[in-house]
Amino acid sequence: ARSVSTMYCRTTHYVRINGRANGTGPPSGKRLFQGQESFEQAPMYVAVMTYLGFGLVTLFGYFRDFLRAVGLEKCHIAKERDEQKDFVPLYQDFENFYTRNLYMRVRDNWNRPICSLPGPVFDVMERVSPDYNWTFRLTGKTIPNVINMGSYNYLGFAENNVDFLKTVAERVQQYGLGVCSTRQEMGNLGIHQELEELVAEFLGVESAMVLGMGFATNSTNIPALVGKGCLILSDELNHTSLILGARLSGATIRVFKHNNMQSLERVLRDAVCSGQPHTHRPWKKIMIMVEGIYSMEGSVVCLPDIVALKKKYKAYLYLDEAHSIGAVGPTGRGVTELFGLDPSDVDVLMGTFTKSFGAAGGYIAGKKELVDYLRSHSHSAVYASAMSPPVTEQILRAMRCIMGLDGTTIGQTRVHRLAENTRYFRSRLQEMGFIIYGNDDSPVIPLLLYMPGKVVAFSRAMLRRKVGVVVVGFPATPITEARARFCLSAAHTKEMLDKVLFDLNEVGDELCLKFSQRKYTSRPKEQHHNNNDLNKDFKQDSL
Amino acid sequence: MDFKNVKEYLGWLYYQYLLITSIYVLEPWEQSIFNSVLFSILAMVVYTSYMVVPVHVHLALEVFSGICGEQPESTMALMN
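Residues numbered from 1 in each chain as written. Chains lettered and ligands numbered in written order. Predicted model: local features only at pLDDT ≥ 70, side-chain atom pairs only at ≥ 80, totals over all residues. Heavy atoms only, no water.

As annotated in an unreviewed UniProt entry, chain B is Serine palmitoyltransferase small subunit B from Esox lucius. Per UniProt, chain B has the following entry under Subcellular location (unreviewed entry): "Endoplasmic reticulum membrane". The annotation that UniProt attaches to chain B under Sequence similarities (unreviewed entry) is "Belongs to the SPTSS family. SPTSSB subfamily." (UniProt positions renumbered as here; feature names shortened; annotations may be inferred.)

Labelled according to an unreviewed UniProt entry, chain A appears under the name serine C-palmitoyltransferase, originating from Esox lucius. Chain A has a UniProt comment under Cofactor (unreviewed entry) that states "pyridoxal 5'-phosphate". In the Sequence similarities (unreviewed entry) part of its UniProt record, chain A is described as follows: "Belongs to the class-II pyridoxal-phosphate-dependent aminotransferase family."

Given below as structure tokens:
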């Protein structure tokens, strides 16, 4: 019997108000939008064994370092020369120790080379290591038609169908590939302006600016918005690009607990009451930085609460929708649409084109004055090379497809299929007994594995069954919470998902990964799959 | 999971032990070192408990029976 005593689950109910822009007058139809997030904790022995495992491998790490220092073993990794031995040591910090002794042993699970389009299925190149992962050798064979559960391909726009890419090919013939200039000098093409207008229309804001790189959109624009004397309130689990941008700006940074509105309110009140650290003058600007979907947790930001807090304390809101634009919301417009909020409530909307649009780059959108200011004051807008023409055309065609402007309903079908896939996959995983983090609507699904041995064995076992998964361990996640992260796609068919679920079930039993202690009502048993169905190869074909 | 024989089941148990203690990520000779160290520690524990525990239990039982045996005798002496 399973008990629910050790479970932490938060159910948040959001009220969705239809239609009104300014919120006055009675809402015509109130629908209750339930966003349920759960972060179940594993039983105590799991944490104990995880620490024990790390401790043992660390001990063996010290032993191997000793052997290397004495000379009994050849050192494959960088070490100081004899002349440098009297100076400050270079390779003794924890990060280098960890890389040498823990990461190198198992690094065949990361950076696997692929040799095809990263669509719903792809080809992985086979490689072997004769010396326990210090060096690799490609055998020349590929593992064909591995199901791709790791690419950020939410709407399936990473495709190479010639019909869909006709306009992109035309642009290559018209403009070539490199722009050879910045937007400010000679690189401002007509399609760039067309894209910016389309992005503004897509998001429902006044104006938008596009940049060539998503990471650089955050790290170079935040210094243009805030500076010394301003305060940034950043969520605990924000992405590195946001943290880098905040640090580069020189503003004071305070962190609040992940998605926790009480913590945010407390920090806001303290900031407004006490002002700047020594002088107690009021802050010039207070900016709250959050993300739409946090990719390591799969959680969705509590946007209505944050907007209410921002209005109460007169702060600004910077929303990074890298993973949520195109992937959530009834028509793929992101978290503002998911909660039924007005996009002009958010001061700075930022997003990337890498995930749902199958291209590269980022955008910043908001009021016209803001975007005009950023065009001349942001580092990447002034100095970075302009976006390449075929990439711009890919974003244009993808966005028109989602909005339905190309006359077809392909875009809407894909958005709905992603939502269905998400619901199906999440509910089946929870029924099987795995611990899943995050909101029921997010297409990013972290599956908790906890122990380092199991993380590695899981990745290898799934690759043997021709499913490619991404596993994440210590520096990117807390030390006891290693996980596998699934990114669903609208291009995944139900057969592919069923095969992945079947394999997950078997691997979960084999490795004892089903830690969940919740009780679920059993679904009616689906017809059992024959092995013939599941050994079917999933060929790459266009949608 | 269906196991054809006991050997397969024992192999699976050994695999679980490797995974849980994270010895799975080590090279085979390191696994042998760890297994031999663990086995010798467990053997020493078993041997020590075999030597020590029966003697101590016997002594402890004697002490307790001594206390319980004395009480009724002393009260009888007082009454007489």
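Having put the structure on the table, let's press on.
## Brief notes about the overall build of chain B
When helices and strands are tallied, chain B shows two helices and zero strands. Across the 80 residues in chain B, those meeting the buried criterion constitute 19%. Surface accessibility of chain B: about 6,300 Å² in total, with carbon and sulfur atoms responsible for 74%. (Helix = DSSP H or I, 4+ residues; strand = E, 2+ residues; numbered from the N terminus. Buried < 20%, exposed > 50% of the residue type's maximum accessible area, 1.4 Å probe, protein only. Areas by Shrake-Rupley, 256 points an atom, 1.4 Å probe, with all protein chains shown as cover.)

## Describing the pairing of strand 6 (residues 231-235) of chain A
Residue and element names in this part refer to chain A. In terms of burial, strand 6 is largely enclosed, as five of its five residues are buried. Going residue by residue along strand 6, you find Leu231, Leu233 and Asp235 tucked away on one face and Ile232 and Ser234 tucked away on the opposite face as well. With five bridges joining them, strand 6 and strand 7 (residues 252-256) adopt parallel strand pairing. Pairing of Leu233 across the sheet is with Arg254, part of strand 7. Pairing between strand 6 and strand 8 (residues 286-291): four bridges, direction parallel. Bridge pairing in strand 8 links Leu233 to Ile288. (Pairing = 2+ DSSP bridges.)

## Comments concerning the UniProt feature "transmembrane region" (unreviewed entry) in chain A
Feature annotation in UniProt assigns "transmembrane region" (unreviewed entry) to the following positions: residues 42-63 of chain A. With 91% helix and 0% strand, the stretch residues 42-63 of chain A has end C-alpha atoms that lie 32 Å from each other.

## Notes on the packing of helix 14 (residues 452-464) of chain A against helix 15 (residues 494-511) of chain A
Residue and element names in this part refer to chain A. Remark: helix 14 packs on helix 15, axes separated minimally by 11 Å, with the N-to-C direction vectors making an angle of 140°. Taken together, the axes of helix 14 and helix 15 lie oblique to each other. Pair helix 14 / helix 15 crosses with right-handed handedness. When helix 14 is examined against helix 15, the residues Lys454, Ala457, Phe458, Ala461 and Met462 are found in contact with a partner set consisting of Val500, Asp503, Leu504, Val507 and Leu511. Taken together, the residues that form the contact of helix 14 with helix 15 break down as eight nonpolar, no polar and two charged. (Axes fitted to C-alpha atoms, helices over the stretch in contact; angles between N-to-C directions. Parallel < 35°, antiparallel > 145°, perpendicular 65-115°, else oblique. Left-handed = near helix turned anticlockwise from the far one by under 90°. Contact = heavy atoms within 4.5 Å. Nonpolar A, V, L, I, M, F, W, Y, C, P; charged D, E, K, R; others polar.)

## Structural notes on the packing of aromatic side chains
A complete count under the given rule lists 16 aromatic pairs over all chains for this structure. Ring centres of Phe353 of chain A and Tyr363 of chain A lie 5.5 Å apart, and the angle between their planes is 45°; this geometry places the pair in the tilted category. Here Phe353 of chain A, found in the loop between strand 12 (348-352) and strand 13 (362-366), pairs with Tyr363 of chain A, found in strand 13; they are ten residues apart in sequence, far enough to count as distant. Tyr363 of chain A matches Phe353 of chain A in its accessibility class, with the two residues each being buried. Between Tyr9 of chain B and Trp12 of chain B, the aromatic rings sit 6.2 Å apart at their centres with planes inclined by 25°, giving stacked as the arrangement. A residue pair is termed a helical-turn pair when its members lie 3 or 4 positions apart in one helix, as Tyr9 of chain B and Trp12 of chain B do in helix 1 (residues 6-20) at three residues. (Phe/Tyr/Trp six-rings, centres within 6.5 Å; stacked < 30°, edge-to-face > 60°.)

## Brief notes about the pattern of salt bridges
Residue and element names in this part refer to chain A. Here the structure, examined in full by the defined rule, presents 28 salt bridges over all chains. Here Glu159 makes a salt bridge to Arg397, at a shortest N to O gap of 2.9 Å. With Glu159 in the loop between strand 4 (137-148) and helix 3 (166-175) and Arg397 in helix 12 (residues 389-403), the pair connects residues that are 238 residues apart, well separated along the chain. As far as the burial class goes, Glu159 and Arg397 line up, both buried. For Lys368, the salt bridge identified is with Asp372, shortest N-O distance 2.8 Å. (Salt bridge = Lys/Arg side-chain N within 4 Å of Asp/Glu carboxyl O.)

## Regarding the nonpolar core
Residue and element names in this part refer to chain A. Core analysis: the biggest nonpolar cluster contains 113 residues, and Met149, Ile288, Phe353, Phe425 and Phe458 have the highest contact counts within it. Two domains each donate at least three residues to this core, and these are domain 1 (114-156 + 410-511) and domain 2 (162-403). Apart from residues lying up to four places away in sequence, Phe353 is in contact with Val199, Val210, Gly358, Ala359, Ala360, Gly361, Gly362, Tyr363, Met387, Ile395 and Met399. If you look at the next biggest cluster of nonpolar residues, it comprises 21 residues, including Ala251, Met289, Tyr318 and Ile364. (Core = buried A, V, L, I, M, F, W, Y, C linked by side-chain atoms within 4.5 Å. Domains from an automatic or database assignment.)

## Brief notes about the domain arrangement of chain A
All names here are of chain A. Along its sequence, chain A is carved into domain 1 (114-156 + 410-511) and domain 2 (162-403). Taking only C-alpha atoms into account, the centre of domain 1 sits 28 Å from that of domain 2. The interface is formed by 25 residues belonging to domain 1 together with 22 residues belonging to domain 2. Roughly 1,800 Å² is buried in total at the junction of domain 1 and domain 2, and carbon and sulfur atoms are behind 61% of that figure. Ranking the residues of domain 1 by area buried against domain 2 places Tyr152, Tyr154 and Leu155 at the top, with a combined share of 25%. Across the pair Arg483 and Glu297 runs a salt bridge whose closest N-O atoms are separated by 3.1 Å. (Buried area = accessible area lost by both parts, 1.4 Å probe.)

## Let's talk about the packing of helix 3 of chain A against helix 12 of chain A
Residues and elements named next belong to chain A. Look at helix 3 against helix 12: their axes get within 8 Å of each other, and the N-to-C directions meet at 150°. Between helix 3 and helix 12, the interaxial angle falls into the category roughly antiparallel. In the packing of helix 3 onto helix 12, the handedness of the crossing is right-handed. Residues Thr167, Val168, Arg171, Val172 and Tyr175 of helix 3 form the contact with helix 12, whose own contacting residues are Pro389, Pro390, Glu393, Gln394 and Arg397. Grouping the amino acids of the contact of helix 3 with helix 12 by side-chain chemistry returns five nonpolar, two polar and three charged.

## Here's the deal with empty space enclosed by the protein
Residues and elements named next belong to chain A. Applying the stated rule across the entire model yields four cavities of 30 Å³ or more. Of the volumes computed, that of the largest cavity is approximately 70 Å³. Taken together, Arg183, His192, Val210, Leu211, Gly212, Ser380, Ala381, Ala384, Ser385, Ala386 and Met387 form the lining of the largest cavity. Of all elements in the fold, only strand 5 (207-211) and helix 11 (379-383) reach the threshold of two or more residues within the lining of the largest cavity. (1 Å grid on protein atoms, 1.4 Å probe; cavity = no way out; pocket = protein on both sides within 12 Å on 5 of 7 lines; lining within 4 Å. Points joined across faces, edges and corners; volume = space filled by probe spheres on them.)

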